[in-house]
Amino acid sequence: MIRILPSLLSADFTQLASEIASVEQGGADLLHLDVMDGHFVPNLTFGPPLVESVNKCTALELDCHLMISHPLRYVDAFAKAGADWISFHVEAEDDPGKVIDALERLGVKAGIAINPDTTLYRVKPLLPRLQMVLVMSVFPGFGGQKFIPEVLPRIKELRNLGFTGEIEVDGGIDARTAPLVAEAGATMLVAGSAVFRQQDRSAAIAGLRAAASGVRS
Ligand code: DX5
Ligand code: ZN
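**Some thoughts on helix α4 (residues 96–106)**
Okay, so step 1: Where α4 is concerned, the buried positions are Pro96, Gly97, Val99, Ile100, Ala102 and Leu103.
Okay, so step 2: Where α4 is buried, its residues meet α3 (71–81), β4 (85–89) and β5 (109–114).
Okay, so step 3: Two to three positions downstream of the cap, the backbone nitrogen of Gly97 sits 2.9 Å from a side-chain oxygen, assigning the N-cap of α4 to Asp95.
Okay, so step 4: Immediately beyond the C-terminal end of α4, within one or two residues, lies Gly107, with a positive phi of roughly 75°.

Here's what the structure looks like:
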């Protein structure tokens, strides 16, 4: 089953409640929240207070993508704020095993994100403990970047390594690239510009879902 996750990063921040309602009513499966610290990535976004506010105005599960240097310090706060899924980067400074311990203790679904130029072997030993692997298809930090096709084989490689959890792909997903990642085995598709930069959010989400399922929209 393919799930579509609009990324709030591309929404109009002056109208957050109605932006969220538009994708919830438009068929989004989860909401993807990009947390950036200006250190792990050269951009800053938001933290737990905004996640808490978002949680109050939607029934959608929240998928928090932590692009931060010290995830271990903050996972408690994001879980308390209402995150249902939390992914952190294997390249971050903390011991990934300890971060997963914390996520398990908090009862949050655990994901590890991996940059396009990081070897998959860094996540291999952690796979049995993960509900999700987030394969970055751009270098993290900004919405609206171009999909990097060279990451496609890693989706299949993850399956070859025996990973049976969710594979999320993030960056440059649109109606052209969605079928490529779905065909390779991705199950959760993040889309920022391809949803929030479109007038009709229902049509955008339906179009991505149809493209990923190999159906012409
Ligand atoms: C990039 C973020 C993405 C971003 C995707 O660092 O992790 O979630 O919002 O945006 P698009 O879909 O526009 O590439
Ligand atoms: Zn993201």
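**Things to note about the coordination of the zinc ion (ligand 2)**
Tetrahedral coordination by four donors puts the ideal angle at the metal at 109.5 degrees, and octahedral coordination by six puts it at 90 or 180 degrees.
Okay, so step 1: Protein-derived coordination of the zinc ion (ligand 2) comes from His32 (NE2), Asp34 (OD), His65 (ND1) and Asp170 (OD), at a distance range of 2.0 to 2.3 Å.
Okay, so step 2: Coordination at the zinc ion (ligand 2) comes from six donor atoms whose angles at the metal span 70 to 168°, giving a geometry best classed as octahedral.
Okay, so step 3: Mapping the donors of the zinc ion (ligand 2) onto the primary sequence yields the spacing H-x1-D-x30-H-x104-D. With His32 in strand β2 (residues 30–36) and His65 in strand β3 (residues 61–67), this residue pair connects regions lying 33 residues apart in the sequence. Per residue, the accessibility class of His32 equals that of His65, and both read buried.

**As for the pattern of salt bridges**
Okay, so step 1: Taken as a whole and assessed by the stated rule, the structure comprises seven salt bridges.
Okay, so step 2: Across the salt bridge formed by Arg209 and Asp29, the nearest N and O atoms sit 2.8 Å from each other. You can see Arg209 sitting in helix α8 (residues 201–212) and its partner Asp29 sitting in the loop between α1 (16–25) and β2, a full 180 residues away along the chain.
Okay, so step 3: Across the pair Glu104 and Arg129 runs a salt bridge whose closest N-O atoms are separated by 3.0 Å.

**Describing the sheet that holds strand β6 (residues 132–136)**
What holds strands together in a sheet is hydrogen bonding between their backbones, with the strands either parallel or antiparallel.
Okay, so step 1: Pairing within the open sheet is parallel, and its eight strands lie in the order β1-β8-β7-β6-β5-β4-β3-β2. Among the strands making up the open sheet, the edge pair consists of β1 (3–6) and β2. With strand direction ignored, the average angle separating the axes of adjacent strands in the sheet is 25°.
Okay, so step 2: Its contacts with the sheet place α4 against β4 and β5, and it is angled at close to 170° to β4.

**What to know about the packing of aromatic side chains**
Okay, so step 1: All told, the structure shown has one aromatic pair when counted by the stated rule.
Okay, so step 2: Look at Phe13 and Phe46: their rings are 6.3 Å apart centre to centre, the planes differ by 45°, and that puts the pair in the tilted class. Taken together, the residues span a long stretch of sequence, with Phe13 in the loop between β1 and α1 and Phe46 in the loop between β2 and α2 (48–56) at a distance of 33 residues.
Okay, so step 3: The class of Phe13 is partly exposed, set by a relative accessible area of 41%.

**Here's the deal with the site of ligand 1**
Okay, so step 1: Residues in contact with ligand 1 amount to 20 residues; listed here are only the nearest, Asp34, Gly141, Asp170, Gly192 and Ser193.
Okay, so step 2: Between ligand 1 and the protein, one listed contact pairs an oxygen atom with a side-chain N or O atom of Asp170 at 2.7 Å.
Okay, so step 3: A total of 380 Å² of accessible area belongs to ligand 1 in isolation, and the protein chains cover 99% of it.
Okay, so step 4: In this structure, ligand 1 is accommodated by the largest pocket.
Okay, so step 5: Where the shell around ligand 1 is concerned, the elements lending two or more residues are β2, β3 and β8 (188–191).
Okay, so step 6: With three residues, the single largest contributor to the shell around ligand 1 is β2.
Okay, so step 7: Per-class residue counts for the shell around ligand 1 are eight nonpolar, ten polar and two charged.

**Observations concerning the pairing of β4**
Okay, so step 1: Extensive coverage of β4 is indicated by the burial of five of its five residues.
Okay, so step 2: With four bridges joining them, β3 and β4 adopt parallel strand pairing. Each residue of the ladder has a partner; that of His65, found in β4, is Ser87.
Okay, so step 3: Traced from β3 through α3 to β4, the parallel crossover comes out right-handed.
Okay, so step 4: In this structure, β4 lies alongside β5, joined through five bridges in parallel fashion.

Definitions and cut-offs
Residues numbered from 1 in each chain as written. Chains lettered and ligands numbered in written order. Predicted model: local features only at pLDDT ≥ 70, side-chain atom pairs only at ≥ 80, totals over all residues. Heavy atoms only, no water. Buried < 20%, exposed > 50% of the residue type's maximum accessible area, 1.4 Å probe, protein only. Helix = DSSP H or I, 4+ residues; strand = E, 2+ residues; numbered from the N terminus. Contact = heavy atoms within 4.5 Å. Polar contact = N/O pair within 3.5 Å; in protein donor to acceptor, adjacent residues only side chain to side chain. Donors = N, O, S within 2.8 Å, 3.2 Å for Na, K, Ca; no water. Tetrahedral: all angles 85-135°; square planar, octahedral: opposite > 155°, others 65-115°. Salt bridge = Lys/Arg side-chain N within 4 Å of Asp/Glu carboxyl O. Pairing = 2+ DSSP bridges. Axes fitted to C-alpha atoms, helices over the stretch in contact; angles between N-to-C directions. Phe/Tyr/Trp six-rings, centres within 6.5 Å; stacked < 30°, edge-to-face > 60°. Near = heavy atom within 4 Å. Areas by Shrake-Rupley, 256 points an atom, 1.4 Å probe, with all protein chains shown as cover. 1 Å grid on protein atoms, 1.4 Å probe; cavity = no way out; pocket = protein on both sides within 12 Å on 5 of 7 lines; lining within 4 Å. Sits in = over half its atoms within 2 Å of the grid points. Nonpolar A, V, L, I, M, F, W, Y, C, P; charged D, E, K, R; others polar. Right-handed = clockwise from strand over helix to strand, strands pointing away.

Don't take any of this as a statement about function, it's just geometry.
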